[in-house]
Amino acid sequence: MNLSAFSAVVYGVSALAGFLGALTGLGGGVVVTPALTVLLGVDLHYAIGASLVSVIATSSGAAAAYVREGFSNIRAGMFLEIATTLGALAGAHLTKVVPGTALAVIFGVVLLYSAWHSFRARKETRATRSDPLAARLRLESTYPGPEGEVHYRIERVKGGFSLMFLAGILSGLLGIGSGAMKVIAMDQVMRIPFKVSTTTSNFMIGVTAAASAGVYLSRGYIDPGLTMPVTLGVLSGSLLGARQLIGAKTRPLRIVFALVVGLLAFEMIYGGFTGKIQ
Amino acid sequence: MTDKRLEGIVARLLQTGVLLSAAVVLAGGVWFLSQNGGARPQYQQFRPPDVVLRSPAKLIRGLAHPDPASVIQLGLLILIATPVARVAFSLVAFALERDRLYVLITLIVFAVLIYSVAVAH
């Protein structure tokens, strides 16, 4: 296969990953890396570099649609970005010390967990009391409800902040958006309403990824020849997926996708342990 | 200015950045494949690319005599810059609102991003 044909295959695989990632809420980046390494034999470092850039593209590209709805919490997002960007910087530096085989295993585990998290039915628990820190930082806000603006409280700011730091480390270490963990920090720990958590998480993903992108670039993980079809593919796929999201019957598709993702995750873990992926 | 109007402007800024970046990457990509399309892909083993492609400053200086890989990399750099621009924009907005606490918070985030992109590693 020559480079033109290879680029076309990479574009197709990335577009599919972006499309299904947007449709299921798992994100394109977390799927594109195992697809590149397991299916196409690309070195893990090139794959995470290309995937990280594509994560920025989807986050920035989808921002407009999310903002129009008025759910994202700018102050909470910015405050928590201190944790995610510092974590991402640390994680990106760690890629130099952590061996590729270990990266593959960690990636597989995180992939399994994110897949499980996105397919599980979630129950929303509303915060009953405010964390005094949330008031001091003016984190609490409102979102548009059917009968006007609904005010919400925020709990456990320190716990959420710590988990965001961890989400940042994983993002920098694995070249992913860490969307699942960001949402957990906001809705499970801080008890921020779902719609606010998911939309705020989406715009935080781009800023978090930008913090490790500089390190990736100087390390040479961002190879232009490979990143070009990956970024263009994930971007077009995810824009198409976001448009399909409204009113689509996604249940059978989700199950198929869950199986594929699970299989890829096991291949990553297996490849890491046997030294096939390094 | 309300937060929501501000967010609308930021969203358009981000979208424009993504579209511009995609256009540059696509143009560079077509040029890249027209020159190297027949070569064998070599991504099985990691070898860091040329130093010009790894440093934003060197890349921009080299654009006086552009080559396909640098054009793609420039497009990717524009993409990486979009969230940085977003944070810079929020910084100005919080300053206009005289919200000192959030000017400080945003400055910290901005400093981390600049450190990552601009400082050598």
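The structure reproduced in this document is the subject of the present report. Model, not experiment: these values are computed from the prediction.

Quick notes on the packing of aromatic side chains
- One pass over the structure, following the stated rule, counts 10 aromatic pairs over all chains.
- Seen from their ring centres, Phe71 of chain A and Tyr143 of chain A are 5.9 Å apart, and the 35° between their planes marks the pair as tilted. Here the residue Phe71 of chain A occupies a position in the loop between α3 (44–69) and α4 (74–94), and Tyr143 of chain A occupies one in strand β1 (residues 142–145), the gap between them amounting to 72 residues.
- Judged by its relative accessible area of 10%, Phe71 of chain A falls in the buried class.
- On the basis of an interplanar angle of 70° and a centroid distance of 5.3 Å, the ring pair of Tyr216 of chain A and Tyr221 of chain A is categorised as edge-to-face. No difference in accessibility class separates Tyr216 of chain A from Tyr221 of chain A, as the two residues are buried.
- One aromatic cluster is present, built from ring pairs that chain together Phe6, Tyr46, Tyr216 and Tyr221 of chain A together with Tyr43 and Phe46 of chain B.
- Directly above the ring of Tyr102 of chain B sits Arg75 of chain A, whose terminal nitrogen or CZ lies 5.1 Å from the centroid.
- The ring of Phe203 of chain A has Arg86 of chain B lying over it, and the distance from NZ or CZ to the ring centre is 4.1 Å.

A few points about the interface of chain B and chain A
- Listed as interface residues are 58 residues of chain B and, on the opposing side, 60 residues of chain A.
- With both sides pooled, the region where chain B packs onto chain A buries about 5100 Å², and carbon together with sulfur makes up 72% of that total.
- Along the contact surface separating chain B from chain A lie three salt bridges.
- Its salt-bridge partner being Arg138 of chain A, residue Asp99 of chain B comes within 2.9 Å of it at the nearest N-O pair.

Some thoughts on the packing of helix α8 (residues 179–189) of chain A against helix α9 (residues 194–219) of chain A
Residue and element names in this part refer to chain A.
- At a closest axis distance of 9 Å, the pairing of α8 and α9 adopts a crossing angle of 135°. As far as their axial angle goes, α9 and α8 are oblique. Judged by the twist between their axes, the crossing of α8 over α9 is right-handed. Every residue of α9 that contacts α8 at Gly179, Lys182, Val183, Met186 and Asp187 is listed here: Phe194, Ser197, Thr198, Thr200, Ser201, Met204, Ile205 and Thr208.
- Residues that form the contact of α8 with α9 fall into these classes: five nonpolar, six polar and two charged.

Criteria and cut-off values
- Residues numbered from 1 in each chain as written.
- Chains lettered and ligands numbered in written order.
- Predicted model: local features only at pLDDT ≥ 70, side-chain atom pairs only at ≥ 80, totals over all residues.
- Heavy atoms only, no water.
- Phe/Tyr/Trp six-rings, centres within 6.5 Å; stacked < 30°, edge-to-face > 60°.
- Helix = DSSP H or I, 4+ residues; strand = E, 2+ residues; numbered from the N terminus.
- Buried < 20%, exposed > 50% of the residue type's maximum accessible area, 1.4 Å probe, protein only.
- Lys NZ or Arg CZ within 6 Å of the ring centre and 35° of its normal.
- Contact = heavy atoms within 4.5 Å.
- Buried area = accessible area lost by both parts, 1.4 Å probe.
- Salt bridge = Lys/Arg side-chain N within 4 Å of Asp/Glu carboxyl O.
- Axes fitted to C-alpha atoms, helices over the stretch in contact; angles between N-to-C directions.
- Parallel < 35°, antiparallel > 145°, perpendicular 65-115°, else oblique.
- Left-handed = near helix turned anticlockwise from the far one by under 90°.
- Nonpolar A, V, L, I, M, F, W, Y, C, P; charged D, E, K, R; others polar.

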